[in-house]
Amino acid sequence: MALNQLTEKPGHVPEKAVFDFDFRHDEGLIANPHRRVLELLDTAPKVFWTPRNGGAWVALGFEEVSEALRQTEVFSSSMRQRKEIEALMKLMPDDMPRIPQLVPVSVDPPVHTEMRKPLAKAFSPKSAMKQMDKIRELTDQLIDAVVDQKHCEFISAIAEPLPVTVFLDMMGLPVERLAEFRELVHEVLIPVHGPDNMPMMLRKVADTLKDDILARKDDRRDDILSALWGLEVDGKPMTMDLMEDYAVLLFIAGLDTVINAMGYAVRHLAENPDLQASLRADPSQIPDAVEEMLRRYSFVVPMRRVAEDTQLGGFGLKEGDQLVVFLAGAGLDERKFENPTEFDLSRDSKAHLAFGGGVHRCVGMHLARIELQTVYRQMLSRLPTWRLDPAKPPKYHAGNVIAVDELHIRWD
Ligand code: HEM
């Protein structure tokens, strides 16, 4: 779809629900993401309809986002994926390759329940804890590589190599292919290809992983691919298609997210030397700081399709409508979080939606938390106070993740 193309307002959308906002290309969002989110919370309804991106509802407020995430029978993830694939089939009906299905995030209950079980085990708090020493070692190596130069571009130096290496290691993929996987992360996760091309990008990830997935079938080790091969799903033996589906989702869900959570937090710390000092003096505050960073700078933008006519935010939504679930708005909604821009470790309400909510709530959150806590702890203990490089401002992009592309920091 052309960048500025507007979709005509359907009859069931009242004028007062219309607000023009392009969550993929909005200039304000790309210039300074959460400042723009605050502006939206001030000016837009808590649920609105935008003519951009094919016409879509956007849930912006905490309660509305929470409701959308919890009502899986009304706000469907399966239907969303089905529509995407149908659209693609219209473009290339004859020679369409198999497009990986993002299980379990793109399936609704009850199938979702069965599909999620294997991952819940692989990413349990205990499995995540087992990664801790390795994560700390890796973080130290990455810090070693930049400490003496007194500056770095944080995303490429630390935020990206860390989760990509952890991912390869946990999955049982060859760490020697790190450079190739980082290339793939860039190709798949930056928006130059546009959302229309996403299914083909998913195919590319599956093709890259294929040989290694197969290799684990007959040579089981202590890794997630081997564990998944050993499982039955819904009483049936594992298939190569389903292995591919799991692996592609873990690639998409586990990398870009951790990278950006780190990006926003390290930027916030760079702008707040007093907070750095306070966390250095008392590192036991770091776990709470991780949660407050995630609330303050939520950045994942899940999508749904309306499966049956319903109400949200006082408006009538019709079956088939798209819904953009804008988690970044929920975290900054002052109806839920008093003084939402303040970084406050003693908040009464700590329940943020950065990891989603309801049945699809992030299965990788224990691992993510350990990665985030470890990076902040090691950076605070090993680097002096860091600040933003005034000559090189941060760069961002928007889409299904509001992402930090570049973050230059310096220290003395
Ligand atoms: C700070 C880092 C992370 C954030 C903010 C995050 C956020 C999210 C969100 C918002 C969802 C829900 C999506 C929806 O409702 O459509 C989700 C689901 C998911 N995440 Fe994460 N995630 C993070 C890290 C990870 C990691 C490290 C992994 C694994 C390696 C992971 C794996 C998954 C999976 C498999 C799902 C689907 C769960 C389901 O559908 O039941 N995530 N994540």
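Draft legend 1. Spatial organisation of the layout of surface pockets. The computed volume of the second largest pocket comes to approximately 600 Å³. Around the second largest pocket sit 19 residues that line it, and Ser127, Lys130, Asp222, Asp223 and Ile224 are the ones nearest its centre. Those elements giving two or more residues to the lining of the second largest pocket turn out to be helix H5 (111–122), helix H6 (125–130), helix H9 (161–171) and helix H12 (224–229). Its residues placed into classes, the lining of the second largest pocket shows 7 nonpolar, 4 polar and 8 charged.

Draft legend 2. Quick peek at empty space enclosed by the protein. All told, the structure shown has 2 cavities of 30 Å³ or more when counted by the stated rule. Roughly 70 Å³ of internal volume is contained in the largest cavity. Surrounding the largest cavity, Asp288, Glu291, Glu292, Arg295, Asp344, Leu345, Arg347, Ser349, Lys350 and His352 form its lining. Estimated volume of the second largest cavity: approximately 40 Å³. Forming the boundary of the second largest cavity are Gln81, Glu84, Ile85, Ile99, Pro100, Pro199 and Leu202. A total of 3 residues in the lining of the second largest cavity trace back to one element, the largest contributor, which is helix H4 (residues 77–91). Partitioning the lining of the second largest cavity into residue classes produces 5 nonpolar, 1 polar and 1 charged.

Draft legend 3. Spatial organisation of the packing of aromatic side chains. Tallied over the entire structure, the rule returns 10 aromatic pairs. Seen in terms of ring centroids, Phe21 and Phe326 are 5.7 Å apart; in terms of plane orientation they differ by 85 degrees. Their pairing is edge-to-face. Residue Phe21 is located in the segment before helix H1 (27–31), and its partner Phe326 is located in the loop between strand S10 (322–325) and helix H16 (327–331); the two are separated by 305 residues in the primary sequence. Each member of the pair, Phe21 as well as Phe326, is classed as buried. Judged by centre distance (5.8 Å) and plane angle (5 degrees), the ring pair of Tyr264 and Tyr297 falls under stacked. In this pair, Tyr264 sits in helix H13 (residues 240–271) while Tyr297 sits in the loop between helix H15 (286–296) and strand S7 (303–306), placing the two residues 33 residues apart along the sequence. Note on Tyr264: relative accessible area 1%, which makes it buried. Every member of this aromatic cluster is reached through a ring pair, and the members are Phe19, Phe21, Phe48 and Phe326. Over the aromatic face of Phe337 sits the side chain of Arg295, whose NZ or CZ is 5.2 Å from the ring centroid.

Rules of the game
- Residues numbered from 1 in each chain as written.
- Predicted model: local features only at pLDDT ≥ 70, side-chain atom pairs only at ≥ 80, totals over all residues.
- Heavy atoms only, no water.
- 1 Å grid on protein atoms, 1.4 Å probe; cavity = no way out; pocket = protein on both sides within 12 Å on 5 of 7 lines; lining within 4 Å.
- Points joined across faces, edges and corners; volume = space filled by probe spheres on them.
- Helix = DSSP H or I, 4+ residues; strand = E, 2+ residues; numbered from the N terminus.
- Nonpolar A, V, L, I, M, F, W, Y, C, P; charged D, E, K, R; others polar.
- Phe/Tyr/Trp six-rings, centres within 6.5 Å; stacked < 30°, edge-to-face > 60°.
- Buried < 20%, exposed > 50% of the residue type's maximum accessible area, 1.4 Å probe, protein only.
- Lys NZ or Arg CZ within 6 Å of the ring centre and 35° of its normal.

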